[in-house]
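Examining the three-dimensional arrangement
Here's the letter readout for the chains.
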Amino acid sequence: MIVVMGATGNVGRPLVQALAEAGEQVTAVSRGVSDAGVPEGVRHAQADMTDPESLRPVFDGADALFLHDGGGSAHPFSPQDILDVAKAGGVGRVVWLSSQGVVTRTQSSSHGDVGRSREDAVRQSGMDWTILRPGGFHSNAYAWAGSIRTGRTVAAPFGDVGLPTVDPADIAGVAATTLREDGHTGRFYELTGPDLGTPRQRAEAIGDALGEPIRFIEQTREEARAQMLQFMPELVVETTLDILGEPTLAEQRISPDVERVLGRTPRTFADWVQRHIAAFR
């Protein structure tokens, strides 16, 4: 059985679906009590990652675990404690969803120090491990959904700086493969999309899918910072703005790892938009 933590999130939901379609026994774990969106035949469990003891029943009969930061700074937790409980329950394989910033932002306490310490806990867990390091997600565009629905506008900084954002479904596909198949132990996979895309181009792609033009409003860094501070810690905001505005060559590199693992090219942002266009109507 495979346990998926954060099973109702942007990666967790398609991961649970992919595992269920592959015939795996899955326990989908989330903080909420609702099992909405959980495929038929999949066990749903409510648990809190900040309370590892609450997870003991979840791991009964499990042999593999998908784990990530569970909301980052908003819900701090100890990966080591969760891994100890999982190992005691018989789990022998863990796939950890990390971040590209762990290696590209080595001087950032928000992405670097915390991310590296959590990766270290996974590597030292005594389990077979695989670590996934995606860059930005296509689904970050959900932040624009409200302004697109109400005014057909997008406001974002650094409108012409390109990054190879990745489809969460591709992250889920890689996670499903590494959870189910041998040959991925001790591997780090950097996950990106197939091309560089700018905020302006992503807004245009949404407009194309809607059949209506989207007006792009370029924010200053300070305007974006003030907006992001409403829902993100300051250190995370500053690091995010650094990546968006002055990405390193490593952050703009298009990785071959999705294709290596899945045997196909990563999905484009335009493809993601077509599948999720209802959110922007």
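As a further point, take the environment of aspartate 257. Of note, aspartate 257 is situated in helix 11 (residues 257-262). Sequence spacing of aspartate 257 and isoleucine 171 is 86 residues, and the spatial spacing of their C-alpha atoms is 10 Å. In this structure, aspartate 257 is in contact with Phe188, Tyr189, Glu190 and Leu191, ignoring residues within four places of it in sequence. Polar side-chain contacts of aspartate 257 include one of 3.2 Å to the side chain of arginine 260.

In this section: the packing of aromatic side chains. A full pass over the atoms with the stated rule returns five aromatic pairs. On the numbers, 5.1 Å between centres and 65° between planes, the contact of tyrosine 142 with tryptophan 272 is edge-to-face. One end of the pair, tyrosine 142, is in the loop between strand 6 (128-134) and helix 5 (145-151); the other, tryptophan 272, is in helix 12 (residues 269-276), and 130 residues separate them in sequence. With a relative accessible area of 32%, tyrosine 142 lands in the partly exposed category. Relative to phenylalanine 280, the ring of tyrosine 142 has its centre 6.2 Å away and its plane inclined at 15°; by these criteria the two rings are stacked. Placement of the pair is tyrosine 142 in the loop between strand 6 and helix 5 and phenylalanine 280 in the segment after helix 12, with a sequence separation of 138 residues. For phenylalanine 280, a relative accessible area of 0% translates into the label buried. Three or more aromatic residues joined by ring pairs form one cluster here, namely Tyr142, Phe269, Trp272 and Phe280.

Those residues of helix 1 (residues 12-21) that fall on the buried side of the exposure criterion are Gly12, Leu15, Val16 and Leu19. For helix 1, the angular spread of buried residues about the axis comes to 100°, placing them on one side. Directly beyond the C-terminal end of helix 1, a positive phi value near 85° is found at glycine 23.

Time to look at the pattern of salt bridges. Under the counting rule described, the total for this entry stands at 20 salt bridges. Between aspartate 182 and arginine 93 there is a salt bridge, and its shortest N-O distance comes to 2.5 Å. Placement of aspartate 182 in the loop between helix 6 (168-180) and strand 8 (187-191) and of arginine 93 in strand 5 (residues 93-97) is noted, with a sequence separation of 89 residues between them. Residue classification places aspartate 182 among the exposed positions, given a relative accessible area of 65%. Among the ionic pairs, aspartate 271 bridges to arginine 275, the shortest N-O distance being 2.6 Å. Taken together, the residues aspartate 271 and arginine 275, both in helix 12 and four residues apart, mark about one turn of the helix. Take aspartate 271: its relative accessible area is 31%, and that puts it in the partly exposed class. Three or more residues joined by partner-sharing salt bridges are found here, namely Arg221, Arg225, Glu234, Glu238 and Asp242.

The rules we used
- Residues numbered from 1 in each chain as written.
- Predicted model: local features only at pLDDT ≥ 70, side-chain atom pairs only at ≥ 80, totals over all residues.
- Heavy atoms only, no water.
- Helix = DSSP H or I, 4+ residues; strand = E, 2+ residues; numbered from the N terminus.
- Contact = heavy atoms within 4.5 Å.
- Polar contact = N/O pair within 3.5 Å; in protein donor to acceptor, adjacent residues only side chain to side chain.
- Phe/Tyr/Trp six-rings, centres within 6.5 Å; stacked < 30°, edge-to-face > 60°.
- Buried < 20%, exposed > 50% of the residue type's maximum accessible area, 1.4 Å probe, protein only.
- Arc of directions from axis to C-beta.
- Salt bridge = Lys/Arg side-chain N within 4 Å of Asp/Glu carboxyl O.

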